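Observations on the model geometry
If you want the building blocks of each chain, they are given just below.
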Amino acid sequence: MATAVRSTASAQKTSESVFLWEGKDKHGKIVRGELRAGSATVVTVTMRRQGILVTKIKKKSFRSGKKISDKDITLFTRQLATMMKAGVPLLQSFDIVAKGHSNPSVSKLIQDIRSDVETGTSLNQAFRKYPLYFDHLFCNLVSAGEQAGILEDLLTRLAIYKEKTIAIKAKIKSALFYPVAILAVAFIVTAVIMIWVVPAFKDVFKSFGADLPTPTLFVMAISDFVVAYWYLIFGGLFAGLYFFFQSWRRSIKMQRYMDRLLLKAPIFGEVIRKATIARWTRTLATMFAAGVPLVESLDSVGGAAGNAVYMDATKAIQNEVSTGTSLTAAMQNADIFPNMVTQMVSIGEESGSLDEMLGKVADFYENEVDEAVASLSSLMEPLIMVILGVLIGGLVVAMYLPIFKLGSVVG
């Protein structure tokens, strides 16, 4: 019976809504505010006890906002850490952050978590109800902070970790975006030339009554094929890309293959490797500094690295460490970490400052990623210009060769 009563009370608490109210205080001054309650009647009664006569009341509706991104969660973590460091109570911190967020979806998520915490659920358990936004690492660190009584410090560490992770991902995306965008534009321009420009020249060349140069005939044959089967070409291309990315996202086997392939890719492979090592060491440093045991920390590190090769290697390292092998030896056996990384880890283990050494390794590789991206940008620009010049310039020259030939004959 007692369990049933508690369940009912919990359900009622969870079903509370936010109400906007307007009323007059004892001096007749109009005041406004919002209150979380089970019904409008509860709001009226509550405000009456505070000497306020409610004249208007309505349920606050949460508009369907944008999708919740990693940046939103990072900002929420930073704001919550700042509030708690300033001495603001946890529930009040949730209210302040929820009201100040520009994305209604995030505001609703925060209010839902607040409701769970208000009913007595621990903060890490409340976060675990939303694995789409709060991963295993996030919840483990919050749990460690709650148990050690240093939640605000752990939230600050989490915010720093997520900010650095987002920064690395943004740099990798910026390195890839430029060449992909240029190649997409080149594809569109080439398609326009093949479908509309070349057929127009073909009609002009019919009146020449002379043999056309081989490059021109070759380009015209390609144009005829593109014009006749453009729907199959574009449809097949877009369908192929769609199914490729879908299988990459959904198939574990495909993900492992692509992760291995990306690490071996020329130019970009080294950047991706450095970014992966930076994330790996940063995650382990954050977990270990929070007091999470090494074996348990490695449980979250593999997934946070974002690469199947390092995920598999982390599992092997975890198994070796759990049987008494040192972290340095286990990492050397994995054979995927540079010598500098294992040496720094060895120094950290011997001096008892593993988290500090891992943090320095992460800083080093994050700087390496910055420099690599800057070098890539300067390298890719002339390379792409050459490719575009050869492609577009070749098409233009091929179509103007008959005109040059005609001009020399007339001359």
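Presented here is an overview of the structure given in this document.

Calculation criteria
- For every chain, the first residue of its written sequence is number 1, and the numbers climb from 1 along that sequence.
- Whole-chain, interface and lining totals are the exception, using all residues; otherwise, since this is a predicted model, local features are given only for residues with pLDDT of at least 70 and side-chain atom pairs are given and counted only at 80 or more.
- Think of the side-chain values as coming from all heavy atoms in the structure, minus any hydrogens and water.
- For salt bridges, the criterion is a side-chain nitrogen of Lys or Arg within 4 Å of an Asp or Glu carboxyl oxygen.
- Helix numbering and strand numbering both begin at the N terminus, where a helix is a DSSP run of H or I of at least 4 residues and a strand a DSSP run of E of at least 2.
- A simple rule labels every residue: compare its accessible area, found with a 1.4 Å probe on the protein chains alone, to the largest value its type can have, and call it buried under 20%, exposed over 50%, or partly exposed in between.
- For Phe, Tyr and Trp, rings pair up if their centres lie within 6.5 Å, where Trp contributes its six-membered ring, and each pair is then called stacked (planes under 30 degrees apart), edge-to-face (over 60) or tilted (otherwise).
- Residues are called lining when one of their atoms sits within 4 Å of a cavity or pocket point, these points coming from a 1 Å grid over the protein atoms alone, where a cavity is a set in which a 1.4 Å probe fits but cannot get out and a pocket is an open set with protein on both sides within 12 Å along at least five of seven lines.
- Grid points are joined across faces, edges and corners, and a volume is the space filled by probe spheres set on the points.
- Under the scheme applied, nonpolar residues are Ala, Val, Leu, Ile, Met, Phe, Trp, Tyr, Cys and Pro; charged residues are Asp, Glu, Lys and Arg; polar residues are all the others, including Gly.
- We call two strands paired when DSSP finds no fewer than two bridges between them.
- In this analysis an axis means a line fitted to C-alpha atoms, helices contributing only their contacting stretch, and an angle means the value between N-to-C directions, from 0 to 180 degrees.

1. Let's talk about the pattern of salt bridges
Applying the stated criterion across every chain, the model contains 15 salt bridges. Here Lys-108 ties to Asp-112 by a salt bridge, and the two come within 3.3 Å at their closest N and O atoms. You can see Lys-108 and its partner Asp-112 sitting in helix H5 (residues 104-118), 4 residues apart, about one turn around the helix. The partly exposed category is assigned to Asp-112, whose relative accessible area is 28%.

2. Some points on the packing of aromatic side chains
One pass over the full model with this rule turns up 18 aromatic pairs. Centroid distance Phe-76 to Phe-127: 6.2 Å. Interplanar angle 75°. Geometry classified as edge-to-face. With Phe-76 in helix H3 (residues 70-85) and Phe-127 in helix H6 (residues 123-128), the pair connects residues that are 51 residues apart, well separated along the chain. For the pair Phe-76 and Phe-127, a shared accessibility class is recorded, and that class is buried. Following the ring pairs from residue to residue traces out a cluster consisting of Phe-76, Phe-94, Phe-127, Phe-134 and Phe-138.

3. A look at empty space enclosed by the protein
Taken as a whole and assessed by the stated rule, the structure comprises 1 cavity of 30 Å³ or more. There is about 30 Å³ of room inside the largest cavity. Around the largest cavity, the lining residues are Ile-172, Ala-175, Leu-176, Phe-268, Val-271 and Ile-272. Of the residues in the lining of the largest cavity, the class split is 6 nonpolar, no polar and no charged.

4. A look at the sheet that holds strand S3 (residues 53-59)
Spatially, S2-S1-S3 is the arrangement adopted by the 3 strands of the open sheet, whose pairing is antiparallel. Strands at the two margins of the open sheet, each flanked by one partner only, are strand S2 (30-37) and S3. Across the sheet, the axes of successive neighbouring strands diverge by a mean angle of 25°, strand direction being ignored. Both strand S1 (residues 17-24) and S2 contribute to a ladder of 8 bridges, which runs antiparallel. Bridge pairing in S2 places Glu-22 opposite Arg-32.

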